[in-house]
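# Residue-level structure breakdown
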Amino acid sequence: LDAGGPTHPSSIADMDSHSLSALTDLGFTDEQAAVALQMSSGNVHRAVNFLLENAQATEQVGAPPARPPPSATTERAEGDRALQEALAASRREAAGESKRRAEARQAELAAASA
């Protein structure tokens, strides 16, 4: 072993559990995370890049493709729900405004004919 060079973890047990957790929290399996960390000399950022750039190859390592973290899905659903609520409120306001204009127009016509 070269004392100055990077070390390559030889098994999942030898790897930093924080690095593995960081990758599995992103939706990758333990096996995918281990391969990526081995390929990147234990560097989490390079491991993520490896997994994303080689998604097809990493899927064959034993798992479903990476999925977005639950928080991203939840935020998107909340944003969609807020948008739908705002749209519904805008439609109600527009309908109310149209009704007020129609009533005002009828009152003007009634006053003009009287």
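Just so it is clear, the structure is predicted and the values come from calculations on it, not from any experiment.

This next bit is on the overall build of the protein chain. Helices and strands together make up the secondary structure of the protein chain, namely 5 helices and 0 strands. In the protein chain, the succession of helices and strands from N to C terminus is α-α-α-α-α. The proportion of buried residues among the 114 residues of the protein chain is 17%. Excluding contacts between residues fewer than 6 apart, the proportion of contacts in the protein chain whose partners are at least 24 apart in sequence is 45%. Counting only carbon and sulfur atoms, one obtains 54% of the accessible surface of the protein chain, whose full area is about 8300 Å².

With that settled, the discussion passes to the pattern of salt bridges. In the structure shown here, the tally under the stated rule is 3 salt bridges. For E97, the salt bridge identified is with R100, shortest N-O distance 3.1 Å. With E97 and R100 both in helix α5 (residues 70-113) and 3 residues apart, this pair spans about one turn of that helix. We classify R100 as partly exposed; its relative accessible area is 48%. When the shortest N-O distance is used, the salt bridge between R101 and E97 registers 3.7 Å. Placement of both R101 and E97 in helix α5 is noted, with a separation of 4 residues, approximately one turn of the helix. When salt bridges with common partners are traced through the structure, they connect E97, R100 and R101 into a single cluster.

Another point: the confidence of the model for the protein chain. This prediction gives the protein chain a mean pLDDT of 77; 71% of its residues lie at or above 70. Helix α4 (residues 55-59) is the least confidently modelled element of the protein chain, averaging 64 in pLDDT, while helix α3 (residues 44-53) averages 90, the highest of any element. Within the model, the stretch residues 1-10 combines pLDDT values under 50 with 8 contacts to residues more than four positions away or in other chains.

Attention shifts here to the nonpolar core. Listed in full, the 9 residues of the largest apolar core are L20, L23, F28, A33, A36, L37, A47, V48 and L51. Looking at this core, the elements that each hand over two or more residues are α1 (17-25), α2 (30-39) and α3.

For any two helices packed against each other, the geometry is given by the interaxial angle and the distance between the axes. At a minimum axis separation of 10 Å, α1 and α3 run at an interaxial angle of 35°. Pair α1 / α3 crosses with right-handed handedness. For the pair α1 and α3, contact is made by S19, A22 and L23 and by V44, A47, V48 and L51, respectively. Grouping the amino acids of the contact of α1 with α3 by side-chain chemistry returns 6 nonpolar, 1 polar and no charged.

Criteria and thresholds
Residues numbered from 1 in each chain as written. Predicted model: local features only at pLDDT ≥ 70, side-chain atom pairs only at ≥ 80, totals over all residues. Heavy atoms only, no water. Helix = DSSP H or I, 4+ residues; strand = E, 2+ residues; numbered from the N terminus. Buried < 20%, exposed > 50% of the residue type's maximum accessible area, 1.4 Å probe, protein only. Contact = heavy atoms within 4.5 Å. Areas by Shrake-Rupley, 256 points an atom, 1.4 Å probe, with all protein chains shown as cover. Salt bridge = Lys/Arg side-chain N within 4 Å of Asp/Glu carboxyl O. pLDDT = per-residue confidence, 0-100. Core = buried A, V, L, I, M, F, W, Y, C linked by side-chain atoms within 4.5 Å. Axes fitted to C-alpha atoms, helices over the stretch in contact; angles between N-to-C directions. Left-handed = near helix turned anticlockwise from the far one by under 90°. Nonpolar A, V, L, I, M, F, W, Y, C, P; charged D, E, K, R; others polar.

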